[in-house]
Amino acid sequence: MCPAPVPIPTEYKRPHSPLEDVQGFAIGLLTASVGLVILSSLGFITGQTAGLALIISYLTGWSFGVVFFAVNLPFYAFAWKRLGAEFTLKSFLCVTALSVMVEWLPRGMQFEYLNPILGTTIFGVLTGFGLLGVFRHKGSLGGLGVIALMIQDRTGFRAGYVQLIIDAVLFSAAFFLFETRVVLYSLYGALILNGVIAFNHRRDRYIAD
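Residues numbered from 1 in each chain as written. Predicted model: local features only at pLDDT ≥ 70, side-chain atom pairs only at ≥ 80, totals over all residues. Heavy atoms only, no water.

## Describing empty space enclosed by the protein
Over the atoms a probe the size of a water molecule is rolled, and this reveals where empty space is left.
Step number 1: Taken as a whole, this structure holds 2 cavities of 30 Å³ or more when the rule is applied.
Step number 2: Here the largest cavity defines a volume of roughly 230 Å³.
Step number 3: Lining the largest cavity are 22 residues, and of these G47, Q48, A50, L131 and L141 lie nearest its centre.
Step number 4: Elements that contribute at least two residues to the lining of the largest cavity include exactly helix 1 (18-42), helix 2 (48-60), helix 6 (116-135), helix 8 (159-174) and helix 9 (180-200).
Step number 5: If one sorts the elements of the lining of the largest cavity by residue count, helix 6 sits on top with 4 residues.
Step number 6: Looking at the lining of the largest cavity residue by residue, the class counts come to 11 nonpolar, 10 polar and 1 charged. (1 Å grid on protein atoms, 1.4 Å probe; cavity = no way out; pocket = protein on both sides within 12 Å on 5 of 7 lines; lining within 4 Å. Points joined across faces, edges and corners; volume = space filled by probe spheres on them. Helix = DSSP H or I, 4+ residues; strand = E, 2+ residues; numbered from the N terminus. Nonpolar A, V, L, I, M, F, W, Y, C, P; charged D, E, K, R; others polar.)

## Brief notes about the pattern of salt bridges
Step number 1: Under the defined criterion, the tally for this structure stands at 1 salt bridge.
Step number 2: In this structure, E86 and K90 form a salt bridge, with 2.8 Å as the shortest nitrogen-oxygen distance. With E86 and K90 both in helix 5 (residues 85-104), this residue pair falls 4 residues apart, about one helical turn.
Step number 3: A relative accessible area of 42% places E86 in the partly exposed class.
Step number 4: On the basis of relative accessible area, K90 is assigned to the buried category, the value being 15%. (Salt bridge = Lys/Arg side-chain N within 4 Å of Asp/Glu carboxyl O. Buried < 20%, exposed > 50% of the residue type's maximum accessible area, 1.4 Å probe, protein only.)

## Topic: helix 6
Step number 1: Over its 20 residues, helix 6 runs 28 Å from end to end, which matches the ideal 28 Å to within 8%, given 1.5 Å per residue.
Step number 2: Among the residues of helix 6, the N-terminal cap falls to N115, whose side-chain oxygen and the backbone nitrogen of I117 are separated by 2.9 Å. (Expected span 1.5 Å × (residues − 1). Polar contact = N/O pair within 3.5 Å; in protein donor to acceptor, adjacent residues only side chain to side chain.)

Written out as structure tokens, the structure is:
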């Protein structure tokens, strides 16, 4: 995570316990999964590896959960080398859990009607806060997020802004694959999500390890 601009006294740092990690991941993953189910029910996309997985899922008819899990596999070796075993293992578990949850949740949660602006706003807020919860317990939801966090660690350039740049490339390609309205609604949701991360993922305001 981003180094704090002002050093934080060691006596104020409190590491998360294993139980706190479990509940933090559970809440974060549930929140993010609900957001993704809302987004996919609208037929929209997002950025990062989740966006790539959604695009592949829509174009091929394959399960989003399976595609999301597979898309992230190449990034684990990179994460292990750059960010360590703990981060990589937690990220692998988070991606696996999310892949299962987004397949399971629609069995108990369906929408007869959902306004696109409201739906994408809810998606951005819920998934953004879900990602924050995962980040704060030293995990991630996969590949491109790992790269964004690594850049933030090394340069201080916030992960949310890194993701915005990656998203710009992904959405530019999406204009050639989907209707313009689908891409514009999706872009709005991605901006909400990344705004939540950019404004809130700051170590100088959150000092637990």
